[in-house]
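Observations on chain architecture
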Amino acid sequence: MKLTVLGNYGPYAKPGGYATSGYLVEEGDTRLVLDLGAGTLTNLLDIAPPETLSGIFVSHLHYDHISDLFALRYALEQKNLSLNLFLAEEDCDLYRLLTGHRLFNVINIDEDTRLELYDFSLTFLKTRHTVTNHAVKISGAKTLVYSGDTVYFEGLDDFVAGADAFLADCTQKPGSKVPHMTVDDALHFADSGIRVLATHLPVDFDPEPYFDGTGNIETVKYKGVYNI
């Protein structure tokens with residue numbers, strides 16, 4: 001299983017050509033996109049044309065996770081391609097605007113959903129954020145969990161247990177009251193033996209000094225490629 005980081009900042013990107021949340025997970029001929037935030041589409045198209053994608057998982061409807069989905073629609077129109085879009089149903093205008101496009105094949109998910117997507121099996125967990133957010137567990141030859149955005153809560157431990165890696169929103173400073181996990185939460189998961197790939201970087205705080213000497217934690221690099 002291969003993970004490519006299309007964007008790793010949130011809620012907005014650091015100046016200098018960076019991007020917000022977006023990732024590509026590949027195994028065999030299966031290519032699953034996890035979110036597609038601002039600035040990620042050009043990075044995706046550099047390595048995976050729309051016709052090669054198996055689907056896109058949307059963790060939640062915040063702009064830094066979905067902005068480039070609207071631009072992607074133009075690419076789908078030019079190629080007359082449809083694409084699977086996996087997300088939770090929401091009674092809001094943004095959900096209707098995003099999912100109303102004729103070329104998105106919308107598959108609504110919740111905690112009871114179990115999906116087989118070619119080389120992957122997908123399960124989901126509702127987490128704790130300011131809007132409805134779901135983490136996803138992607139099981140193939142290896143297992144990757146992606147948190148989307150969330151604060152820490154005990155249910156995450158069971159969902160992440162046994163995974164080969166946890167791509168986690170966990171780079172806020174200790175004691176932060178924003179609705180995201182902190183570096184202390186990253187250390188909690190690393191202490192349990194999980195390989196933590198820390199992401200959703202704030203532009204005004206560097207988590208790296210907190211992770212020094214901790215072998216189980218890596219702060220993901222922009223456009224970085226990771227073997228799971």
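Data block above holds the structure.
Residues numbered from 1 in each chain as written. Predicted model: local features only at pLDDT ≥ 70, side-chain atom pairs only at ≥ 80, totals over all residues. Heavy atoms only, no water.

**Focus: the side chain of Thr 199**
Locating Thr 199 in the fold gives a position in strand E12 (residues 196-199). Under the relative-accessibility criterion, Thr 199 is labelled buried at 2%. Looking at Thr 199, its side chain comes within polar contact range of the side chain of Tyr 23, at 2.7 Å. (Helix = DSSP H or I, 4+ residues; strand = E, 2+ residues; numbered from the N terminus. Buried < 20%, exposed > 50% of the residue type's maximum accessible area, 1.4 Å probe, protein only. Polar contact = N/O pair within 3.5 Å; in protein donor to acceptor, adjacent residues only side chain to side chain.)

**Brief notes about the packing of aromatic side chains**
One pass over the full model with this rule turns up seven aromatic pairs. Measuring from ring centre to ring centre gives 5.0 Å for Phe 166 and Phe 189, while their planes differ by 70°; the resulting arrangement is edge-to-face. Of this pair, Phe 166 sits in strand E11 (residues 165-169) while Phe 189 sits in helix H5 (residues 183-191), and the two are 23 residues apart along the sequence. Like Phe 166, the residue Phe 189 is buried in the burial classification. One residue, Lys 137, lies across the ring of Phe 159, its end atom 4.9 Å from the ring centre. (Phe/Tyr/Trp six-rings, centres within 6.5 Å; stacked < 30°, edge-to-face > 60°. Lys NZ or Arg CZ within 6 Å of the ring centre and 35° of its normal.)

**What about the pairing of E12?**
Alternating residues of E12 divide into Val 196 and Ala 198 and Leu 197 and Thr 199, and every residue in both groups is buried. Judged from the four bridges that link them, E11 and E12 form a sheet pairing that is parallel. Residue pairing across strands places Asp 169 opposite Thr 199, the latter belonging to E12. On the question of chirality, the crossover connecting E11 to the parallel E12 by way of H5 is right-handed. As paired elements, E12 and strand E13 (residues 217-219) share three bridges and run parallel to each other. Each residue of the ladder has a partner; that of Ala 198, found in E13, is Thr 219. (Pairing = 2+ DSSP bridges. Right-handed = clockwise from strand over helix to strand, strands pointing away.)

**Let's talk about the sheet that holds strand E3 (residues 30-36)**
On the basis of which strands lie adjacent, the open sheet formed by seven strands has the order E6-E5-E4-E3-E2-E1-E14 and mixed pairing. The outermost strands of the open sheet, each flanked by one partner alone, are strand E6 (104-108) and strand E14 (225-227). Each strand of the sheet is rotated relative to its neighbour by a mean of 25°, with strand direction disregarded. As paired elements, strand E1 (residues 2-7) and strand E2 (residues 22-27) share five bridges and run antiparallel to each other. Bridging across to E2, Lys 2 finds its partner in Glu 26. (Axes fitted to C-alpha atoms, helices over the stretch in contact; angles between N-to-C directions.)

**Focus on the pattern of salt bridges**
Throughout the structure, instances matching the rule amount to six salt bridges. Ionic pairing is found between Asp 93 and Arg 96, a salt bridge with its closest N-O pair at 2.9 Å. With Asp 93 and Arg 96 both in helix H3 (residues 93-99) and three residues apart, this pair spans about one turn of that helix. Accessibility expressed as a relative area gives 60% for Asp 93, which makes it exposed. Measuring nitrogen to oxygen at the nearest pair gives 2.9 Å for the salt bridge that ties Arg 195 to Glu 218. Taken as a pair, Arg 195 in the loop between H5 and E12 and Glu 218 in strand E13 lie far apart in primary sequence, 23 residues in all. In this structure Arg 195 comes out as partly exposed when scored by relative accessible area, which is 22%. Taking the relative accessible area as the measure of exposure, Glu 218 reaches 27% and is therefore partly exposed. (Salt bridge = Lys/Arg side-chain N within 4 Å of Asp/Glu carboxyl O.)

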